[in-house]
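# Topology and contacts: notes
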Amino acid sequence: MIAKLVHHLYQFECNIYSMINNRYDQKGLNLFFHQITHLGGATATISFTVFFILCFDFPTKLWGLESALSLLTSHLFVFSTKKIYPRARPYLSLPNARVGKNPLKDHSFPSGHTTAIFSIITPFIFHLPILGLILFPLACCVGVSRVFLGLHYPSDVLAGALVGMGFGLLAINII
């Protein structure tokens, strides 16, 4: 019974994946998602936190420190999880997946880009909730981009968002 449930959940996830990834040939979406995905990358997320730490005074500097701690700790978790749960990327497992040039070869679960963006925005949204109107949709677009580009299943992205927010809240409590 559990195996059947897991199979149905996987099929449901593959359907969502296909619904998003099958739009890969749409030029405007392709351009948008190829650009926005980089906001969850190491260069953008590290630069964001360093910028707020170096260029602002208290309390904004503190939010940058919380974001930096969240980013660091969440990525230690992501790195470990990818070793423990080596899930193949969907473009390697699904026959009709569309993916760009030089796709990532490491494991898929959870999405590191999604974890990163959610880990750095969470302290800012916590302290200044109005920022959530801009930052949360932006982070969601990064997550959707990972599925659109064929690099992650939707559950990888959902897990990344939850991990990022969780470590963001943890960093707030620590600092």
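I will try to describe carefully the structure that is included in this document. (Residues numbered from 1 in each chain as written. Predicted model: local features only at pLDDT ≥ 70, side-chain atom pairs only at ≥ 80, totals over all residues. Heavy atoms only, no water.)

### Digging into the nonpolar core
Core analysis: the largest hydrophobic core is formed by 20 residues, its most contacted members being Ile117, Phe118 and Ile121. Secondary structure elements with two or more residues in this core: α2 (27-36), α4 (60-84), α6 (112-127) and α7 (132-148). Looking at which element gives the most residues to this core, the answer is α6, with six residues. In contact with Ile121, other than residues within four places in its own chain, are Leu135, Phe136 and Ala139. In terms of nonpolar packing, the next biggest core, distinct from the first, is built from six residues, Leu94, Val147, Tyr153 and Val157 among them. (Core = buried A, V, L, I, M, F, W, Y, C linked by side-chain atoms within 4.5 Å. Buried < 20%, exposed > 50% of the residue type's maximum accessible area, 1.4 Å probe, protein only. Helix = DSSP H or I, 4+ residues; strand = E, 2+ residues; numbered from the N terminus. Contact = heavy atoms within 4.5 Å.)

### Re the pattern of salt bridges
Applying the stated criterion across every chain, the model contains five salt bridges. Note that Asp25 and Arg98 form a salt bridge whose closest N and O atoms lie 3.2 Å from each other. Here Asp25 is found in the loop between α1 (2-21) and α2, whereas its partner Arg98 is found in the loop between α5 (90-93) and α6, with 73 residues between them in sequence. Taking relative accessible area as the criterion, Arg98 reaches 29% and is therefore assigned partly exposed. One salt bridge in this structure joins Asp156 and Arg87, with 2.8 Å as the shortest N-O distance. In this pair, Asp156 is assigned in helix α8 (residues 154-174) and Arg87 in the loop between α4 and α5, connecting sequence segments 69 residues apart. On the basis of relative accessibility, which here comes to 0%, the residue Asp156 falls in the buried class. Among the residues examined, Arg87 registers a relative accessible area of 13% and is labelled buried. Three or more residues are tied together by salt bridges with common partners; here these are Glu13, Arg87 and Asp156. (Salt bridge = Lys/Arg side-chain N within 4 Å of Asp/Glu carboxyl O.)

### So, the packing of aromatic side chains
Throughout the structure, instances matching the rule amount to 15 aromatic pairs. Measuring from ring centre to ring centre gives 5.5 Å for Phe51 and Phe56, while their planes differ by 80 degrees; the resulting arrangement is edge-to-face. Taking relative accessible area as the criterion, Phe56 reaches 31% and is therefore assigned partly exposed. Taken together, a centroid distance of 5.2 Å and an interplanar angle of 80 degrees make the contact between Tyr85 and Phe109 edge-to-face. Linking Tyr85 in the loop between α4 and α5 with Phe109 in the loop between α5 and α6, this pair joins segments that are 24 residues apart in sequence. (Phe/Tyr/Trp six-rings, centres within 6.5 Å; stacked < 30°, edge-to-face > 60°.)

### Quick word on the environment of Glu13
Position of Glu13 among the secondary structure elements: in helix α1. For Glu13, a relative accessible area of 10% corresponds to the buried category. Glu13 sits 77 residues away from Pro90 along the chain, and the two C-alpha atoms are 11 Å apart.

### Some words on the side chain of Thr45
Considering the arrangement of structural elements, one finds Thr45 in helix α3 (residues 42-55). Residue Thr45 is classed as buried on the basis of its relative accessible area, which comes to 1%. Those residues in contact with Thr45 that lie beyond four places of it in its chain are Leu39, Gly40, Leu71, Ala116, Ile117 and Ile120.

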